[in-house]
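# Secondary and tertiary structure notes
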Amino acid sequence: MKILFYDTKPYDKDTFEHELPKYPDVQIDYLKTDISPKTAPLARGYDGICAFVSSDLGTATLDVLHECGVKLILMRCAGFNNIDLETAAKYGMTILRVPGYSPEAVAEHAMALALAVNRHLHKSYIKVRENNFSLMGLMGFNFHQKTAGIIGTGKIGAAMARICHGFGMKVIAYDVYQNPSLDFVTYVSLDELLSSSDLISLHCPLMDSTYHMINKDTIEKMKDNVILINTSRGGLIKTDDLILGIRARKFFGVGLDVYEEETPNVFEDRSDEILEHSTTARLLSFPNVIITSHQGFFTEEALEAIAETTLSNAVSYEKGAPNEGNLVK
Ligand code: NAD
């Protein structure tokens, strides 16, 4: 079967080429360009296409894929909010994704951000390179015996809870469902979590009910000098309210792997550009904020798991029995 990959980065190609010998019936061609109504015609003659988290799989793109006879969409990621599911269903397209690849990859990045803002690693890295060995402005606080508040204790939140437990923190959590495997965690209300946590880490999905859950009101309920970490989705935090909170000296530090304006930036080199009207630029002006570019998932183990599952999804479709748990309906 022939698959056309869109939005391929060199690391995608390396990982998939490494796995491909195990799947002799699958042939892949790689495109650097992402999928859009203009580039979708290139998929003519292929059995399926493979796309990523920010690919445009809206109505117009799906119309073209349908005209080209493409029936299979392989998402090499967990998310699928970028696909027009109604149109895909109308055309009888099968969509397969990778629901979970390495929760630890994202959780470890969340803790990396928490440690970095706590111990000011972003500042000390620059200072020492310039022969400034002063400790002024670098004081942090021990995580040991402090309280970590985990919002959303699914796969990634549970991994983060285990990491915080390993640091000797008291771990409290808020979720609409309790995770029975986390016997060391105390579930509390959202308000109690906000008012008692020294470190708050967001791990719930972006949905109507969670959109802007971190806003002026919830920020006011937080402890002063809290560390806030978001590796989940930018829309969980109302950025303008976060900026007001940072200005009001509410936060010891803020670590963001995801943020509201990330779509035009993510995975792109825009270093020669001036980001006008950008709240991201405003966030970056604060000394206690670290932003990374949606790299929580980016470990060797996670990429290998993504390649394995995507290729096994392709083969399961070819055999007429698509992997049920990975189907997007
Ligand atoms: P999951 O489905 O295993 O867990 C999500 C948890 O959130 C569930 O326990 C669910 O009950 C809970 N939840 C749902 N609504 C809630 C609410 N209103 N309040 C509190 N909790 C609520 O998902 P996961 O695999 O742990 O992934 C979590 C999120 O991480 C994803 O939604 C995705 O946005 C993000 N993610 C980020 C990266 C990255 O590279 N930064 C990579 C993968 C996933």
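See the structure above.
Given the structure is predicted, the values throughout are model-derived calculations rather than measurements.

Let us look at the sheet that holds strand β5 (residues 94–96). The strand order β2-β1-β3-β4-β5 describes an open sheet built from five strands, whose pairing is parallel. Looking along the sheet, the strands with just one partner apiece sit at the ends: β2 (27–30) and β5. Averaged over all neighbouring strand pairs, the angle between strand axes comes to 20 degrees, with direction disregarded. Judged from the four bridges that link them, strand β3 (residues 48–51) and strand β4 (residues 72–75) form a sheet pairing that is parallel. Bridged to cysteine 50 within β4 is leucine 74. Running at roughly 160 degrees to β4, helix α11 (residues 300–318) makes contact with β1 (2–5), β2, β3, β4 and β5 of the sheet.

Taken together, 23 residues lie around the ligand, and Lys155, Ile156, Asp175, Thr231 and Asp257 are the ones closest in. One of the backbone N or O atoms of phenylalanine 297 is found 3.1 Å from an oxygen atom in the ligand. When isolated, the ligand has an accessible area of 860 Å², and the protein chains bury 83% of it. The residue inventory of the shell around the ligand, partitioned by class, reads 10 nonpolar, nine polar and four charged.

This brings us to helix α6 (residues 155–166). The end-to-end C-alpha distance of α6, which contains 12 residues, comes to 17 Å, matching closely the 16 Å that a straight helix rising 1.5 Å per residue would cover. Those residues of α6 that fall on the buried side of the exposure criterion are Gly157, Ala158, Ala159, Met160, Ala161 and Cys164. Elements in contact with the buried residues of α6: α4 (103–119), β6 (147–151), β7 (170–174) and β9 (199–202). Positioned one or two residues after α6, glycine 168 has a phi angle of 80 degrees, which is positive.

Reading the values: rules and limits
- Residues numbered from 1 in each chain as written.
- Predicted model: local features only at pLDDT ≥ 70, side-chain atom pairs only at ≥ 80, totals over all residues.
- Heavy atoms only, no water.
- Pairing = 2+ DSSP bridges.
- Helix = DSSP H or I, 4+ residues; strand = E, 2+ residues; numbered from the N terminus.
- Axes fitted to C-alpha atoms, helices over the stretch in contact; angles between N-to-C directions.
- Contact = heavy atoms within 4.5 Å.
- Near = heavy atom within 4 Å.
- Polar contact = N/O pair within 3.5 Å; in protein donor to acceptor, adjacent residues only side chain to side chain.
- Areas by Shrake-Rupley, 256 points an atom, 1.4 Å probe, with all protein chains shown as cover.
- Nonpolar A, V, L, I, M, F, W, Y, C, P; charged D, E, K, R; others polar.
- Expected span 1.5 Å × (residues − 1).
- Buried < 20%, exposed > 50% of the residue type's maximum accessible area, 1.4 Å probe, protein only.

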